[in-house]
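# Chains, contacts and geometry: an overview
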Amino acid sequence: MTVTEETTPVSHYERIGGASSVKAAVELFYDKVLADPELAGYFTNVDMVGQRRHLALMLTVVLGGPNEYSGRGLAEAHQPMNIPVEHYAKVGEHLIGTLTELGVPADVLAHVHVVLGQVQDQVVAAGNQPGA
C-alpha cells in the first residue's frame, strides 16, 4: 500500500458499493415512491427511465462519487411542480428508508439527511416553506 492509498479517504459512494449499489437504491426508492398514493401523481407523465438515471447521477454526487450529472438544477426541475413541504418530507423518508433497508451505514444516512435539509428550499415551492 502506498502513502496515497493510506491517506486518501474512501467516499461514501465507494463505501456503499459504488454504481451498482446506487442503482439498486434508486430502483427500490422509486418502487416505494410510485406505490405511495400521495407522491405517485408527480410522476404520471415522467420518463421514469430518465428519471431513475438522473437520480442515480445526483445521488452519486451526494455520496462523493464521480460528478457526471448534466441535467437541470433542482430548483428549475422542481419549483414548477409546487411541491409542499409534507411531500418533500415523505420523499426524504422513502429515500432514508430505502438506504436503511439496503444496509447503508448510519454515518452515510446522516450525511444524506443533512443534504436533504440543505436542498429543501430548492425543491419545495416558495409558498409552501415552513414559516412562509
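Residues numbered from 1 in each chain as written. Predicted model: local features only at pLDDT ≥ 70, side-chain atom pairs only at ≥ 80, totals over all residues. Heavy atoms only, no water.

Put simply, helix α3 (residues 19-35) and helix α6 (residues 85-101) touch, their axes get as near as 9 Å, and they point 135° apart. Taken together, the axes of α3 and α6 lie oblique to each other. Regarding α3 and α6, the two cross each other, and that crossing is right-handed. Here A25, L28, F29, K32 and V33 of α3 lie close against α6, whose contacting residues are V91, H94, L95, T98, L99 and E101. Of the residues in the contact of α3 with α6, the class split is seven nonpolar, two polar and two charged. (Axes fitted to C-alpha atoms, helices over the stretch in contact; angles between N-to-C directions. Helix = DSSP H or I, 4+ residues; strand = E, 2+ residues; numbered from the N terminus. Parallel < 35°, antiparallel > 145°, perpendicular 65-115°, else oblique. Left-handed = near helix turned anticlockwise from the far one by under 90°. Contact = heavy atoms within 4.5 Å. Nonpolar A, V, L, I, M, F, W, Y, C, P; charged D, E, K, R; others polar.)

Between α3 and helix α4 (residues 48-62), whose axes approach to 9 Å, the crossing angle comes to 125°. Put simply, α3 runs oblique to α4. Here α3 runs over α4; the crossing is right-handed. Contact residues: V22, V26, E27, F29, Y30, D31 and L34 in α3; M48, Q51, R52, L55, A56, L59 and T60 in α4. Taken together, the residues that form the contact of α3 with α4 break down as nine nonpolar, two polar and three charged.

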